[in-house]
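# Structural description and commentary
The chain contents come next:
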Amino acid sequence: MVGSAPSASVTVCIPTVGRPSLRQRTLPSILAARTAGTEAVVVGDVEHDEVTGVLPGAIVLADDDAGQASSEAPTAARRRNRALQAATGDLVVFLDDDDELTPGALVTLATAFDTATVGFASGAARAIAPDGSEIEVVAPQPLGPLYGDLHGVHLAGAFAVRRELLLAVGGYHEELRFGENADLVMRIGQELRRRDLRAVALDQVVVHHHRSGRAYRADVGAAAEHVLTCQADVLARHRHLRAQHHGIAGVSAFRHGDPADARRHLGRAVRDAPTSPAAWGRLLLSLAPPIARWRWARGRP
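All values reported here derive from a predicted model rather than from experimental measurement.

Successive residues of a regular strand alternate their side chains across the two faces of the sheet. Along strand 2 (residues 38-44), six of the seven residues are buried, which leaves the element largely enclosed by surrounding structure. Both strand 1 (residues 10-16) and strand 2 contribute to a ladder of seven bridges, which runs parallel. Bridge pairing links Thr-16 to Gly-44 in strand 2. Pairing geometry for strand 2 and strand 3 (residues 59-62), over four bridges, is parallel. Across the sheet, residue Val-42 finds its bridge partner in strand 3, namely Val-60.

Listed below in structure tokens is the structure:
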């Protein structure tokens, strides 16, 4: 791996569904955050001139250019991978089309890659409610064994990764519609550990993360199922984490009309965490469907 100075080039990859926020805040924020060697790649449902009129020189790829084989709308993960394929920067930052970088954020992140031993850097993210008020600041923290004990933040816009490392882990799993950034950072953290590379955690807020307040979706359960499958070896050594993911998958299955699958997952959660009141509580709730529907319909796990 080739080392990079604080002036390392950065590619910002943005998947989009054509939200007005892309032009109103996301693209302008790159102008205020960029380094001398910054490029932007935008993939999705947007016109070329709409992007370059705000951010001259940006690379714009329509979904038709992304090799879609079906009529189903591409996932954000697929669009991010297409942007990654077009990227030329030493470092890559993924940014959602309703979020915004803080002024100087890319300089802050790039400066962390001061030696070849640094493969990942993350700053803090300020979570913003739909009404514009601040919810919280998500600071770098220990993410646990699923992430190779990485200390950081896995929200889009809050982290930068060496492009070579992203390509080595295969980029995003394109079928995921929820939790795709967490899944990516899990694999990056494990790869950092295998290569004996460092992650740098920064106190500075580098992104404003706009939370949409979306309802609990089947995609949450699919993400938990994905972790249970792809991280089986790690979860076998950390049964409390396996219990948590069975719990998430079980509640999701119940919410989406599959009580048998729900009880299967929730029973496994109890076997993995037999002293957990939460695991037992979910299993017992699943045996009382009217109460479970009332509680879980309110968004409570």
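Now, onward.
Summed over all chains, the structure comprises 17 salt bridges. Between Arg-80 and Asp-96 there is a salt bridge; the shortest N-O distance is 2.6 Å. You can see Arg-80 sitting in helix 3 (residues 76-86) and its partner Asp-96 sitting in the loop between strand 4 (91-94) and strand 5 (100-101), a full 16 residues away along the chain. Here Glu-134 ties to Arg-126 by a salt bridge, and the two come within 3.0 Å at their closest N and O atoms. Look at Glu-134 and you get partly exposed, because its relative accessible area is 48%. Members of the salt-bridge network, linked through shared partners, are Glu-164, Glu-191, Arg-194 and Arg-195.

With respect to the helices and strands, Ala-232 occurs in helix 8 (residues 232-237). Judged by its relative accessible area of 34%, Ala-232 falls in the partly exposed class. Taking the C-alpha atoms as reference points, Ala-232 and Leu-146, 86 residues apart in sequence, are found 10.0 Å from one another.

Moving on: the packing of helix 9 (residues 239-255) against helix 12 (residues 289-296). Contact geometry of helix 9 with helix 12 gives a least axis separation of 10 Å together with a crossing angle of 105 degrees. Here helix 12 runs roughly perpendicular to helix 9, going by the angle between their axes. Between helix 9 and helix 12, the contacting residues are Val-251, Phe-254 and Arg-255 on the first element and Pro-289, Ala-292, Arg-293 and Trp-296 on the second. Residue composition of the contact of helix 9 with helix 12, grouped by class: five nonpolar, no polar and two charged.

Looking now at the confidence of the model for the chain. Mean pLDDT for the chain: 90, with 91% of residues reaching 70 or above. Under a pLDDT of 50 for its full length, residues 1-6 has, in the predicted model, 17 contacts with residues more than four places off or in other chains.

Attention now goes to the pairing of strand 7 (residues 134-138). By the bridge criterion, four bridges tie strand 6 (residues 118-128) to strand 7 in an arrangement that is antiparallel. Counted as the bridge partner of Ala-127 is Glu-136 from strand 7. As consecutive antiparallel partners, strand 6 and strand 7 are separated by five residues, and within that stretch Gly-132 has a phi angle of approximately 90 degrees, a positive value.

Attention now goes to the nonpolar core. One recurring pattern in soluble globular proteins is that nonpolar side chains are buried together. Membership of the largest hydrophobic core comes to 37 residues, with the highest contact counts inside it found for Ile-14, Leu-27, Ile-30, Val-51 and Leu-101. Of all the secondary-structure elements, those providing two or more residues to this core are strand 1, helix 1 (20-33), strand 2, strand 4, helix 4 (105-111), strand 6 and strand 11 (198-210). Ignoring anything within four residues of it in the chain, the contact list for Leu-27 reads Ile-14, Leu-22, Val-42, Glu-50, Val-51, Val-54 and Leu-55. Grouped together as the second largest cluster of nonpolar side chains are 32 residues, Cys-13, Ala-182, Leu-228 and Val-234 included.

Let us look at the side chain of His-246. Along the polypeptide, His-246 turns up in helix 9. For His-246, a relative accessible area of 7% corresponds to the buried category.

Further remarks concern unusual backbone geometry. Despite not being glycine, Asp-149 shows a phi value in the positive range, around 60 degrees. Inspection of the secondary structure assignment puts Asp-149 in the loop between strand 8 (141-142) and strand 9 (151-152). On the basis of relative accessibility, which here comes to 44%, the residue Asp-149 falls in the partly exposed class. Here the phi dihedral of Asp-196 falls at roughly 60 degrees; this positive angle occurs in a residue that is not glycine. Tracing the backbone through its elements, the reader meets Asp-196 in the loop between helix 6 (180-195) and strand 11.

The next point concerns a nonpolar patch on the surface. Among the surface-exposed residues, Trp-280, Leu-284 and Leu-287 lie close enough to one another that they form a single nonpolar patch of about 330 Å² accessible area. Considering the arrangement of structural elements, one finds Leu-284 in helix 11 (residues 277-286).

The next point concerns the packing of helix 11 against helix 12. Viewed as axis vectors pointing N to C, helix 11 and helix 12 meet at an angle of 120 degrees, and their least axial separation amounts to 7 Å. It follows from the interaxial angle that helix 11 and helix 12 lie oblique. Counting all contacts with helix 11, which are made through Arg-282, Leu-285 and Ser-286, the residues of helix 12 involved are Pro-289, Ile-291, Ala-292, Arg-295 and Trp-296. Residue composition of the contact of helix 11 with helix 12, grouped by class: five nonpolar, one polar and two charged.

Rules of the game
Residues numbered from 1 in each chain as written. Predicted model: local features only at pLDDT ≥ 70, side-chain atom pairs only at ≥ 80, totals over all residues. Heavy atoms only, no water. Buried < 20%, exposed > 50% of the residue type's maximum accessible area, 1.4 Å probe, protein only. Helix = DSSP H or I, 4+ residues; strand = E, 2+ residues; numbered from the N terminus. Pairing = 2+ DSSP bridges. Salt bridge = Lys/Arg side-chain N within 4 Å of Asp/Glu carboxyl O. Axes fitted to C-alpha atoms, helices over the stretch in contact; angles between N-to-C directions. Parallel < 35°, antiparallel > 145°, perpendicular 65-115°, else oblique. Contact = heavy atoms within 4.5 Å. Nonpolar A, V, L, I, M, F, W, Y, C, P; charged D, E, K, R; others polar. pLDDT = per-residue confidence, 0-100. Core = buried A, V, L, I, M, F, W, Y, C linked by side-chain atoms within 4.5 Å. Patch = residues over 30% accessible without salt bridge, like charges linked within 9 Å, V, L, I, M, F, W, Y side chains within 5 Å. Areas by Shrake-Rupley, 256 points an atom, 1.4 Å probe, with all protein chains shown as cover.

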